[in-house]
Amino acid sequence: MPLTRARYGKGRVRVLRLARDGDRHGVRELTLTVLLEGDFAAAWTAGDNRRVVATDSIKNIVNVTAARHVEAETEEFVGHVAALFLEHYPQVRAVTIEALETRWLRRTVNGEPHPHTFTLDGNGQPFVRLEADRDGAVLRSGLRGYTLMKTTESGWADFVEDAFRTLPDTQDRICATSMDATWTWTAPPADPVAANAAVLDILITVFASTYSAGVQDSMYRMGEAVLAARPDIAEIQFAMPNKHYVPMNLAPFGIDHGGRIFLPTDEPHGQIEATIARTG
């Protein structure tokens, strides 16, 4: 039987890089998955491991690269990791690296940013994915699980009316989602921290400042705005599940709901996904 595709690597490689500039420190914590493709078929088909780079070595390569590039931002760092594999191992044809950042925010103490005290940012995880081979690379950045809500200026109406529908139309509802967004760069940004922050600001601004006829409607306009503002982004992908807030019926207790009391639930949830890309 043919082996049609195979790859292997190391998952959940965790590393924290601590950049020291006197008493001012910078923290960069990542969890990486590194996967290799190439001339490894004999390990599957003949029990021959002579061309296989051990997954323990893959972990060590990440750590060595971290030590060599302590201050590199994630987009640059994963490029260094991929380059090491492609330069040192001729049997490696392609490298795919996914990196999730655990983001630590500098804490303000007595009104001033503290040089070495941080608190965990609980909203979303920055994300980088690099697919590199000997012909080039595709770099993506984004966020996983970034949660946002607006409590009005959102509706859901005029959808299919059939025997299975139980939801009424509404022109005013809570709109909330845990957003995964991934944008593909035409070239690596010179300042990825500033560039990614600018993209997030665009997404939130469109979400907050325009009426939403549904998550699909908001998602498309958010993507359009990013592409209009950022010529260095080729496309943006979204997955935005609904986080539902269901009005509670308090009529049995003689209490008018008044748009004030809701049941939070995200199971089951609507799952809305799309990619918005440039034409041509």
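Attention in this report is confined to the structure presented alongside it. (Residues numbered from 1 in each chain as written. Predicted model: local features only at pLDDT ≥ 70, side-chain atom pairs only at ≥ 80, totals over all residues. Heavy atoms only, no water.)

## Quick look at the overall build of the chain
Per the secondary structure count, the chain includes five helices and 12 strands. A total of 280 residues make up the chain; the buried ones form 38% of that total. Taking the contacts inside the chain whose residues are at least 6 apart along the sequence as the reference set, 63% of them involve residues at least 24 apart. When the accessible area of the chain is evaluated, it comes to approximately 15900 Å², of which 53% is carbon and sulfur surface. (Helix = DSSP H or I, 4+ residues; strand = E, 2+ residues; numbered from the N terminus. Buried < 20%, exposed > 50% of the residue type's maximum accessible area, 1.4 Å probe, protein only. Contact = heavy atoms within 4.5 Å. Areas by Shrake-Rupley, 256 points an atom, 1.4 Å probe, with all protein chains shown as cover.)

## A word on the pairing of strand β7 (residues 136–150)
As defined by bridge partners, strand β6 (residues 125–133) adjoins β7 across nine bridges and the pair is classed as antiparallel. Its bridge partner lying in β7, Arg 129 is registered against Arg 140. Hairpin connection, β6 to β7: the antiparallel pair is bridged by two residues. Where β7 meets strand β8 (residues 175–185), nine bridges bridge the pair, whose relative direction is antiparallel. (Pairing = 2+ DSSP bridges.)

## Some points on the sheet that holds β8
Strands sit in the order β1-β2-β3-β6-β7-β8-β9-β12 across an open sheet of eight strands; the sheet is antiparallel. Edge strands, defined here as strands with exactly one partner in the open sheet, are β1 (8–21) and β12 (273–277). The mean angle between the axes of side-by-side strands here comes to 20°, regardless of whether they run parallel or antiparallel. Along the sheet, helix α2 (residues 55–68) makes contact with β1 and β2 (24–38), crossing β1 at roughly 20°. Its contacts with the sheet place helix α3 (residues 74–88) against β1, β2, β3 (92–102), β6 and β7, and it is angled at close to 155° to β3. (Axes fitted to C-alpha atoms, helices over the stretch in contact; angles between N-to-C directions.)

## Considerations on the nonpolar core
Ranked by size, the top nonpolar core spans 55 residues in total, and within it Leu 32, Leu 36, Val 95, Met 179, Trp 183, Leu 203 and Phe 238 carry the most contacts. Not counting chain neighbours up to four residues away, the residues in contact with Met 179 comprise Leu 143, Arg 144, Gly 145, Tyr 146, Leu 148, Leu 203, Met 222, Phe 238, Ala 239 and Met 240. (Core = buried A, V, L, I, M, F, W, Y, C linked by side-chain atoms within 4.5 Å.)

## Quick word on the packing of helix α4 (residues 192–209) against helix α5 (residues 215–229)
Contact pair α4 / α5: the axes reach a minimum separation of 9 Å and the direction vectors enclose 140°. Comparing the axis directions of α4 and α5 gives the class oblique. The element α4 and its partner α5 pack so that their crossing is right-handed. For the pair α4 and α5, contact is made by Val 199, Ile 202, Leu 203, Val 206 and Phe 207 and by Arg 221, Met 222, Ala 225, Val 226 and Ala 229, respectively. Per-class residue counts for the contact of α4 with α5 are nine nonpolar, no polar and one charged. (Parallel < 35°, antiparallel > 145°, perpendicular 65-115°, else oblique. Left-handed = near helix turned anticlockwise from the far one by under 90°. Nonpolar A, V, L, I, M, F, W, Y, C, P; charged D, E, K, R; others polar.)

## Structural notes on α2
Structurally, the α-helix is built with 3.6 residues per turn, so residues lying three or four positions apart point the same way. Its 14 residues give α2 an end-to-end C-alpha distance of 20 Å, which sits within 8% of 20 Å, the value for a rise of 1.5 Å per residue. Those residues of α2 not exposed but buried are Ile 58, Ile 61, Val 62, Thr 65 and Ala 66. Take α2 and look down its axis: the buried residues cluster within an arc of 135°, on one side only. Seen from the buried face of α2, the exposed residues on the opposite side, beyond 90 degrees, are Ala 67 and Arg 68. As for α2, its buried residues are in contact with β1, β2 and α3. (Expected span 1.5 Å × (residues − 1). Arc of directions from axis to C-beta.)

## What to know about the pattern of salt bridges
In total, this model carries 16 salt bridges according to the counting rule given. Put simply, Arg 50 and Asp 48 hold a salt bridge, and the shortest N to O gap is 2.8 Å. A salt bridge links Asp 217 to Arg 221; the shortest N-O distance between them is 3.0 Å. Highlighted residues: Asp 217 and Arg 221, both in helix α5, separated by four residues, approximately one helical turn. Salt bridges sharing partners connect three or more residues here, namely Glu 98, Arg 129, Glu 131 and Arg 140. (Salt bridge = Lys/Arg side-chain N within 4 Å of Asp/Glu carboxyl O.)

## A closer look at α3
Given a rise of 1.5 Å per residue, 15 residues ought to cover 21 Å, and the 21 Å separating the end C-alpha atoms of α3 matches this to within 8%. Taken as a whole, α3 has its buried residues at Thr 74, Glu 75, Phe 77, Val 78, Val 81, Ala 82, Leu 84, Phe 85 and Leu 86.

## Some details on the side chain of Thr 177
The residue Thr 177 is located in strand β8 in this model. Among the polar contacts made by the side chain of Thr 177, one reaches the main-chain carbonyl oxygen of Pro 241 at a distance of 2.7 Å. When neighbours within four sequence positions are excluded, Thr 177 is seen to be in contact with Tyr 146, Thr 147, Leu 148, Met 240, Pro 241 and Lys 243. (Polar contact = N/O pair within 3.5 Å; in protein donor to acceptor, adjacent residues only side chain to side chain.)

## A look at the environment of His 80
By the secondary structure assignment, His 80 is in helix α3. Using a relative accessible area of 26% as the deciding quantity, one classes His 80 as partly exposed. Contacts of His 80, omitting those with residues within four sequence positions, involve Thr 65 and His 69.

None of this, on its own, says anything about what the molecule does.
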